[in-house]
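Chain by chain, the residues run as shown.
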Amino acid sequence: MLEVKTLDKPDERRDFPRGHLEAIHMTELDFAVATFEPGWRWTESLAPIAGTSTCQMHHYCYMAQGRMHIRMDDGGEAEVGPGDVFVVSPGHDAWVVGDEQVVVYDFEGQTAKEYAKQE
């Protein structure tokens, strides 16, 4: 099997306050590129869509641009920036740090299938 798709033509786009997600769906991979504008925060922009107080998605990510702070429900915190690869388990809040747009590549298929999906 060989499949090739381009980020220039995502299979779908989901818009939400201060950001959007573009998803590519393949046979064995669902891939997402999330873009967050300055001022974006999960608890403000996506909690109303998700219906949970913090993000309950698992993420396997590469940070392409910008800086983001992540706070886990258990109190753990980290800041990620360009070139960082990171894993985040369910139960977290996140927000853009500074005035630069954030671009995150997410390899967790559930994110591409469900993140910011409005029914």
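Residues numbered from 1 in each chain as written. Predicted model: local features only at pLDDT ≥ 70, side-chain atom pairs only at ≥ 80, totals over all residues. Heavy atoms only, no water.

1. Regarding the pattern of salt bridges
So, step 1. The full count for this structure, using the stated rule, is 7 salt bridges.
So, step 2. Asp93 is paired through a salt bridge with Arg41; the nearest N and O atoms lie 2.7 Å apart. Taken together, the residues Asp93 in strand β8 (residues 92–97) and Arg41 in the loop between β3 (30–36) and α1 (42–45) connect sequence positions 52 residues apart.
So, step 3. Under the relative-accessibility criterion, Asp93 is labelled buried at 8%.
So, step 4. Here Arg67 ties to Glu79 by a salt bridge, and the two come within 2.7 Å at their closest N and O atoms. Here Arg67, found in strand β5 (residues 67–72), pairs with Glu79, found in strand β6 (residues 77–80); they are 12 residues apart in sequence, far enough to count as distant. (Salt bridge = Lys/Arg side-chain N within 4 Å of Asp/Glu carboxyl O. Helix = DSSP H or I, 4+ residues; strand = E, 2+ residues; numbered from the N terminus. Buried < 20%, exposed > 50% of the residue type's maximum accessible area, 1.4 Å probe, protein only.)

2. Regarding the environment of Cys55
So, step 1. Mapped onto the fold, Cys55 is located in the loop between α2 (47–50) and β4 (59–65).
So, step 2. A C-alpha to C-alpha distance of 6.2 Å links Cys55 and Pro90, two positions 35 residues apart in sequence.
So, step 3. Every residue in contact with Cys55, bar those within four places of it in the chain, is listed here: Trp42, Pro90, Gly91, His92 and Tyr115. (Contact = heavy atoms within 4.5 Å.)

3. Things to note about unusual backbone geometry
So, step 1. Its identity is not glycine, yet Arg18 carries a phi of approximately 65°, on the positive side.
So, step 2. Mapped onto the secondary structure, Arg18 falls in the loop between β1 (12–16) and β2 (19–25).
So, step 3. Residue classification places Arg18 among the partly exposed residues on the basis of a relative accessible area of 46%.

4. Overview of the UniProt feature "domain: (S)-ureidoglycine aminohydrolase cupin" (unreviewed entry) in the chain
So, step 1. Feature annotation in UniProt assigns "domain: (S)-ureidoglycine aminohydrolase cupin" (unreviewed entry) to the following positions: residues 53–97.
So, step 2. The annotated region residues 53–97 carries 0% helix and 60% strand content, and the separation between its end C-alpha atoms amounts to 20 Å. (UniProt positions renumbered as here; feature names shortened; annotations may be inferred.)

5. Details of the pairing of β3
So, step 1. Among the 7 residues in β3, 7 count as buried, and that is most of the element.
So, step 2. Sheet topology note: the β2/β3 ladder contains 7 bridges and is antiparallel. In the sheet register, Glu22 faces β3, and the bridge partner there is Val33.
So, step 3. Taken together, the 5 bridges between β3 and strand β9 (residues 102–106) define a ladder with antiparallel strand orientation. Looking at the pairing, Thr35 lines up with Val103 of β9. (Pairing = 2+ DSSP bridges.)

6. Side note on the pairing of β1
So, step 1. Both β1 and β2 contribute to a ladder of 5 bridges, which runs antiparallel. Directly across from Phe16, in β2, lies its bridge partner Gly19.
So, step 2. Taken together, β1 and the strand that follows it, β2, pair antiparallel across an intervening segment of 2 residues, in which Arg18 is found at a positive phi of about 65°.

7. Section: the sheet that holds β4
So, step 1. Reading across from one edge, β1-β2-β3-β9-β4-β7 is the order of the 6 strands in this open sheet, with antiparallel pairing throughout. Two strands bound the open sheet, and with one partner strand each, they are β1 and β7 (85–88). Strand-to-strand twist of the sheet, defined as the mean angle between neighbouring strand axes without regard to direction, takes the value 25°. (Axes fitted to C-alpha atoms, helices over the stretch in contact; angles between N-to-C directions.)

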